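One letter stands for each residue in the lines below.
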Amino acid sequence: MKKSVKVRIDEDHGVVRTTVVGVDKTPAECPICHVAVTPLDLGLALQIQGETALEQVFQCPNEECQHIFVARYQEGKQGFEFDSCVPIEPIVGQQSPTISQISPDFCLIYEQADKAEQHGLLLVAGPGYRKALEFLVKDYIISESTETGKELAIKKTTVEKTQLGACIANYIKSERIKEIARRATWLGNDETHYVRRWEDKDLKDLKKLISLTLHWIEIEKLTAEVMVDMPHRKP
Ligand SMILES: [Zn+2]
């Protein structure tokens, strides 16, 4: 254990006792502004009576933040080990204008899955990412349609009703998007099915594949825009 912390233990009948325990580390990042900091120790640490938990109060030294947060520790073999900080303000990344235009629903669902993940709700974050992927792929397919009017409406309905894997196989022309999106779907489905097939893969792998799908879609769209904007060499 690297640090000693003076902790308060509230015992029965209003008796308060103090003791010194070892903790493995101080949080290195503020959970609210997400800046790397050495937090200010406000001198209050409490060992929860009857539990193996320790809570220590800190303040963020970042002048633009200054918020108070609590670091939680769990008793381990050699003292208290850092577990997490509360409260957490999730960081929300913005999607690019191209992706936001193709699928506002993807952006919204992805943001919620991301927030769930940051709050530690991994069992709902996974299916959330899978749902986001489905909206992204289907909205992308619809955005690529050359049909108009009634034919476009029919295609939209068909795409909406078709399973994601079949949509990718049947409608996506770009081999790179197709191959990456297929793999993202395999991992995404693992998040929603009772039995996991890809046991050596996790949320990080799924997010990496969604990110690659996003990038390839973006590159395809931007390339197509340039080709329309500059179809020929200037004479
Ligand atoms: Zn902060």
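Keep in mind it's a predicted model, so treat the numbers as computed, not measured.

It is worth spelling out the overall build of the protein at this point. Along the backbone of the protein there are seven helices and six strands. If you list the helices and strands of the protein from N to C, you get β-β-β-β-β-β-α-α-α-α-α-α-α. In terms of overall size, the protein is more extended than a compact globule, its C-alpha atoms giving a radius of gyration of 25 Å where 235 residues would be expected to give roughly 18 Å. Each principal axis of the C-alpha distribution contributes one length, and for the protein these read about 80 × 50 × 30 Å. Taken across its 235 residues, the protein has 35% of its residues classed as buried. Relative to all contacts within the protein whose residues are 6 or more apart in sequence, the contacts with residues 24 or more apart total 48%. Put simply, the protein shows about 15000 Å² of open surface, and 53% of that area lies on carbon and sulfur atoms. The protein carries 30 positive and 36 negative side-chain charges, and their two centres are separated by 6 Å.

Glancing now at the coordination of the zinc ion. Reference values for coordination geometry: four tetrahedral donors around a metal ideally subtend 109.5 degrees, six octahedral donors ideally subtend 90 or 180 degrees. Binding of the zinc ion to the protein goes through Cys30 (SG), Cys33 (SG), Cys60 (SG) and Cys65 (SG), at separations of 2.3 Å. Here the donor residues of the zinc ion are spaced in sequence according to C-x2-C-x26-C-x4-C. With cysteine 30 in the loop between strand 2 (16-23) and strand 3 (40-47) and cysteine 60 in the loop between strand 4 (53-59) and strand 5 (68-76), this residue pair connects regions lying 30 residues apart in the sequence. Classification of cysteine 60 as buried rests on a relative accessible area of 1%.

Turning next to the packing of aromatic side chains. All chains considered together, the criterion is met by five aromatic pairs. Judged by centre distance (5.8 Å) and plane angle (75°), the ring pair of tyrosine 73 and phenylalanine 82 falls under edge-to-face. Measuring from centroid to centroid gives 5.8 Å for tryptophan 186 and tryptophan 198, while their planes differ by 5°, and the two rings are stacked. Note that tryptophan 186 is positioned in helix 6 (residues 175-192) and tryptophan 198 in the loop between helix 6 and helix 7 (203-229), a separation of twelve residues in sequence. On the basis of relative accessible area, tryptophan 186 is assigned to the partly exposed category, the value being 32%. Of the aromatic side chains, those joined through ring pairs into one cluster are Phe106, Tyr110 and Tyr129.

What follows concerns the side chain of glutamate 191. Here glutamate 191 is to be found in helix 6. Side chain to side chain, glutamate 191 and arginine 196 meet in a polar contact 3.0 Å long. For glutamate 191, the contacting residues outside a window of four places in its chain are Gly126, Pro127, Arg196, Leu203 and Leu206.

Assigned domains of the protein: these are domain 1 (3-86) and domain 2 (97-229). A straight line from the C-alpha centre of domain 1 to that of domain 2 covers 41 Å.

This brings us to the pattern of salt bridges. In this structure the tally under the stated criterion is 13 salt bridges. With a closest N to O distance of 3.2 Å, glutamate 179 and arginine 182 form a salt bridge. Here the residue glutamate 179 and the residue arginine 182 both occupy positions in helix 6, the gap between them amounting to three residues, near one helical turn. For glutamate 179, a relative accessible area of 27% gives the class partly exposed. The class of arginine 182 is partly exposed, set by a relative accessible area of 32%. One salt-bridge network, in which partners are shared between bridges, spans Arg130, Glu134 and Lys138.

Counting 33 residues, the largest nonpolar core has Ile99, Phe106, Tyr129, Val137, Ile172, Ile210 and Ile217 as its most contacted members. Listing elements by their share of this core, those giving two or more residues are helix 1 (97-102), helix 2 (104-118), helix 3 (122-143), helix 5 (164-171), helix 6 and helix 7. Looking at which element gives the most residues to this core, the answer is helix 3, with nine residues. In contact with isoleucine 217, not counting residues within four places along its chain, are Ile99, Ile102, Leu136, Tyr140 and Ile177. By size, the runner-up hydrophobic cluster in this structure holds 17 residues, among which are Val7, Val21, Ala45 and Phe80.

Counting through the fold element by element, threonine 52 comes out in the loop between strand 3 and strand 4. Looking at threonine 52, the relative accessible area reads 42%, which means it is partly exposed. Residues threonine 52 and phenylalanine 80 lie 28 residues apart in sequence; the distance between their C-alpha atoms is 8.6 Å. Not counting the four nearest positions on each side in its chain, threonine 52 is found in contact with Tyr73, Gln74, Glu75 and Phe80. Of note is the side chain of threonine 52, whose polar atom sits 3.0 Å from the side chain of glutamine 74.

Cut-offs used in this document
Residues numbered from 1 in each chain as written. Predicted model: local features only at pLDDT ≥ 70, side-chain atom pairs only at ≥ 80, totals over all residues. Heavy atoms only, no water. Helix = DSSP H or I, 4+ residues; strand = E, 2+ residues; numbered from the N terminus. Rg over C-alpha atoms; globule rule 2.2 N^0.38 Å. Buried < 20%, exposed > 50% of the residue type's maximum accessible area, 1.4 Å probe, protein only. Contact = heavy atoms within 4.5 Å. Areas by Shrake-Rupley, 256 points an atom, 1.4 Å probe, with all protein chains shown as cover. Lys, Arg positive; Asp, Glu negative; His and termini not counted. Charge placed at Lys NZ, Arg CZ, Asp CG, Glu CD. Donors = N, O, S within 2.8 Å, 3.2 Å for Na, K, Ca; no water. Phe/Tyr/Trp six-rings, centres within 6.5 Å; stacked < 30°, edge-to-face > 60°. Polar contact = N/O pair within 3.5 Å; in protein donor to acceptor, adjacent residues only side chain to side chain. Domains from an automatic or database assignment. Salt bridge = Lys/Arg side-chain N within 4 Å of Asp/Glu carboxyl O. Core = buried A, V, L, I, M, F, W, Y, C linked by side-chain atoms within 4.5 Å.

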